[in-house]
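Overview (structure and organization)
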Amino acid sequence: MIQKFSLLMLLVSSAAFAHLKIGTYAGVQATGQACQFTVKKIYYINNVAHPLNERVDIDVQGVAFTIQHPPVISSEKKMAYFNHDMFQGILPTQQGAMAFELKVTHAAARATRDEAIPTEFHLIQHVYQGDKRSSLDCTLRTVR
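The notes below deal with the structure included here. (Residues numbered from 1 in each chain as written. Predicted model: local features only at pLDDT ≥ 70, side-chain atom pairs only at ≥ 80, totals over all residues. Heavy atoms only, no water.)

In this structure, Phe37, Ile58, Phe100, Leu102 and Phe121 are the most contacted members of the largest nonpolar core, which totals 21 residues. For this core, the secondary-structure elements that each account for two or more residues are β2 (34-44), β3 (54-60), β4 (63-67), β8 (96-105), β9 (117-127) and β10 (132-143). Here the element with the most residues in this core is β8; it accounts for 4 residues. The contacts of phenylalanine 121, once residues within four sequence positions are left out, are Cys35, Gln36, Phe37, Val60, Phe100, Glu101, Leu102, Leu136, Asp137, Cys138 and Leu140. (Core = buried A, V, L, I, M, F, W, Y, C linked by side-chain atoms within 4.5 Å. Buried < 20%, exposed > 50% of the residue type's maximum accessible area, 1.4 Å probe, protein only. Helix = DSSP H or I, 4+ residues; strand = E, 2+ residues; numbered from the N terminus. Contact = heavy atoms within 4.5 Å.)

In this structure the tally under the stated criterion is 1 disulfide. Disulfide partner of cysteine 35: cysteine 138, at an S-S distance of 2.0 Å. Judged by the sign of its S-S torsion, about 80°, the cystine formed by cysteine 35 and cysteine 138 is right-handed. With cysteine 35 in strand β2 and cysteine 138 in strand β10, this pair connects stretches of sequence that are 103 residues apart. Given the relative accessible area of 2%, cysteine 138 is considered buried. (Disulfide = S-S within 2.5 Å.)

Across all of its chains, the model carries 2 salt bridges by this definition. The shortest N-O distance in the salt bridge between lysine 103 and glutamate 120 comes to 3.9 Å. In this pair, lysine 103 is assigned in strand β8 and glutamate 120 in strand β9, connecting sequence segments 17 residues apart. Taking the relative accessible area as the measure of exposure, lysine 103 reaches 29% and is therefore partly exposed. Of the residues examined, glutamate 120 reaches a relative accessible area of 26% and is grouped as partly exposed. (Salt bridge = Lys/Arg side-chain N within 4 Å of Asp/Glu carboxyl O.)

Counting through the fold element by element, glutamate 54 comes out in strand β3. Summary of buried charges: glutamate 54 has no salt-bridge partner, and the nearest side chain of opposite charge, arginine 55, is 7.8 Å away. Here histidine 69 takes part through its side chain, which lies 3.3 Å from a polar atom of the side chain of glutamate 54. (Lys, Arg positive; Asp, Glu negative; His and termini not counted. Polar contact = N/O pair within 3.5 Å; in protein donor to acceptor, adjacent residues only side chain to side chain.)

Next comes the structure, spelled out in structure tokens:
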């Protein structure tokens, strides 16, 4: 009986960590143009349900990213944790790097016991040579 209860608690706690659902999240840029990204897969490294192990495979503008909660390490404060309000991923490009940053809020999630709600994303392109920078900034409005 204890083993069954432990397994049930593990499954429930695993679901509690997941913030995103598979599907498309849509929004609008400041220019009024539509923007979106699609969550393809959610999983945990080594099947260990912990926010530092959480990975989310997404597609944005035809580019595939694997995003995660960014780790925060402070040797001065002797702390190691993660930013629970954000997911990030970065890819190398021929001239620099492309990054995806997703911000989420937990306020409504606490009240409804639902997943965290994505509020905005930024797709950043940085060309090192000449220090050229651009971004697609999207305020999210709908899910699926």
